[in-house]
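Letter by letter, the chains look like this.
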Amino acid sequence: MFLWDKSYKLYNFWYYILGSFILILFSTLGQIPLLFFLPTELPSPETSSMEILNTIPSNLRFFLVLISFVAVLPGIWLVVKKLHDLPLMSIISSRKKLDFGRILFSFSLWGIVASFLIISGYFISPENYEINFKLKEFLILFIIAILLVPIQTSVEEIVFRGYLMQGFGNWFNSRLMALILSCSVFGLLHIVNPEVTKLGYGFIFVYLIGSFAMGITVLMDKGLELALGWHAANNLVIFLLYTSEWSVLQTEAVFKDISDPSFGLLDIFLGSLIYPVIVYVFARKYSWNNWNEKLISRIRN
């Protein structure tokens, strides 16, 4: 059984709190290179952290932000293997090895959907966009993204929908609580993103829907593979095709949104519709069953 196999000796939740602090420490160490590129003097006392970050050239900034996730990888190994004395696959998949077919399928599916949404948005309302394509800068962005974005998204999946989901589930003896807490933490962490500041706190609802859709996928499929591909495709497509002045990471993407930021019922409707459809496609393809048992049952009888 993924995450809560009877052969696993799971420690109490204090170990997961300690493990989380260790992972935060490794992430913080990974951010040290970024400090060397920040300005030594603030342009003005009112300058925000995002404005300070944006003083770094975009591709260099993108690289420095993502490299911090690479630093978390040895932290994951240390926490899982040494602190918890568990195999790494215990928080990744119930299968003996990663199913790359699943990763590729979900990556392709969501990559096509996300690309269609962005490109169709440009053709429907071209006045809201400008073509931002610059060959040299885009090629550099492409190389950085292909190499580092899958690491970034994989680290997030392993930590939140692997490690923390295992910890919450063991603590509450409930798959449902594991799903709710791990996905809520992941979604609510995005509340500090500038998109939420510009679009309003209602936009966090979109993050939460996506987070829960991936969480349900992880539990039903007994592994992270589908979520790994889904998350990687999502971030790659966004970083390569879409940017704006209020994006959390402004990149040398193909399209730049120059419209006034807005968020309404249509955005909620699209998020509420598309994510469940993706989960449904996975369920049909991989013949999921026993939904109650996998999503809301107790872990230990």
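Quantities reported herein were computed from a predicted structural model and do not represent experimental measurements.

1. Some details on the nonpolar core
So, step 1. Counting 79 residues, the largest nonpolar core has Phe-62, Ile-76, Trp-110, Tyr-163, Met-165, Trp-230 and Trp-288 as the members making the most contacts within it.
So, step 2. With 14 residues, the single largest contributor to this core is helix α6 (residues 135-172).
So, step 3. With sequence-adjacent residues up to four places away left out, Trp-288 is seen in contact with Thr-217, Met-220, Asp-221, Leu-226, Val-279, Phe-282 and Ala-283.

2. Here we look at the packing of aromatic side chains
So, step 1. The tally for this structure, following the rule as stated, stands at 22 aromatic pairs.
So, step 2. Seen from their ring centres, Trp-110 and Trp-230 are 5.9 Å apart, and the 50° between their planes marks the pair as tilted. Within this pair, whereas Trp-110 is found in helix α5 (residues 100-124), its partner Trp-230 is found in helix α10 (residues 225-241), the two being separated by 120 residues in sequence. Summarising the burial analysis for this pair, Trp-110 and Trp-230 share the class buried.
So, step 3. Centre to centre, the rings of Trp-230 and Phe-282 are 5.8 Å apart; their planes meet at 70°, and the pair counts as edge-to-face. Highlighted residues: Trp-230 in helix α10 and Phe-282 in helix α11 (residues 265-285), separated in sequence by 52 residues.

3. Observations regarding the pattern of salt bridges
So, step 1. Considering all chains together, one arrives at seven salt bridges under this definition.
So, step 2. Asp-221 is paired through a salt bridge with Arg-95; the nearest N and O atoms lie 3.2 Å apart. Separated by 126 residues along the polypeptide, Asp-221 in helix α9 (residues 204-221) and Arg-95 in the loop between α4 (58-83) and α5 bring together distant segments of the chain.
So, step 3. On the accessibility criterion, Asp-221 (4% relative accessible area) is buried.
So, step 4. Exposure remark for Arg-95: the relative accessible area of 21% places this residue in the partly exposed category.
So, step 5. When the shortest N-O distance is used, the salt bridge between Glu-157 and Arg-161 registers 2.7 Å. Residue Glu-157 and its partner Arg-161 are located together in helix α6, separated by four residues, close to a single helical turn.
So, step 6. Connected through shared salt-bridge partners, Arg-95, Asp-99, Arg-102, Asp-221 and Glu-225 make up one network.

4. What to know about the packing of α9 against α10
So, step 1. Relative to each other, α9 and α10 sit at 150°, their axes nearing to 8 Å. Comparing the axis directions of α9 and α10 gives the class roughly antiparallel. Residues Ala-213, Met-214, Thr-217, Val-218 and Asp-221 of α9 form the contact with α10, whose own contacting residues are Leu-226, Ala-227, Trp-230 and His-231.
So, step 2. For the contact of α9 with α10, the per-class residue count stands at six nonpolar, two polar and one charged.

5. A short note on a nonpolar patch on the surface
So, step 1. On the surface, Leu-25, Leu-29, Ile-32, Leu-35, Phe-36 and Phe-37 cluster together into a nonpolar patch covering about 640 Å² of accessible area.
So, step 2. Judged by relative accessible area, which is 49%, Leu-25 ranks as partly exposed.

6. Considering the sheet that holds strand β1 (residues 129-131)
So, step 1. On the basis of which strands lie adjacent, the open sheet formed by three strands has the order β1-β3-β2 and mixed pairing. The open sheet terminates on both sides in strands that have one partner only, identified here as β1 and β2 (242-244). Shown here is a sheet whose adjacent strand axes are inclined to one another by a mean of 35°, direction ignored.
So, step 2. Pairing of β1 with strand β3 (residues 255-257) involves three bridges; the strand directions are antiparallel.

About the thresholds
- Residues numbered from 1 in each chain as written.
- Predicted model: local features only at pLDDT ≥ 70, side-chain atom pairs only at ≥ 80, totals over all residues.
- Heavy atoms only, no water.
- Core = buried A, V, L, I, M, F, W, Y, C linked by side-chain atoms within 4.5 Å.
- Buried < 20%, exposed > 50% of the residue type's maximum accessible area, 1.4 Å probe, protein only.
- Helix = DSSP H or I, 4+ residues; strand = E, 2+ residues; numbered from the N terminus.
- Contact = heavy atoms within 4.5 Å.
- Phe/Tyr/Trp six-rings, centres within 6.5 Å; stacked < 30°, edge-to-face > 60°.
- Salt bridge = Lys/Arg side-chain N within 4 Å of Asp/Glu carboxyl O.
- Axes fitted to C-alpha atoms, helices over the stretch in contact; angles between N-to-C directions.
- Parallel < 35°, antiparallel > 145°, perpendicular 65-115°, else oblique.
- Nonpolar A, V, L, I, M, F, W, Y, C, P; charged D, E, K, R; others polar.
- Patch = residues over 30% accessible without salt bridge, like charges linked within 9 Å, V, L, I, M, F, W, Y side chains within 5 Å.
- Areas by Shrake-Rupley, 256 points an atom, 1.4 Å probe, with all protein chains shown as cover.
- Pairing = 2+ DSSP bridges.

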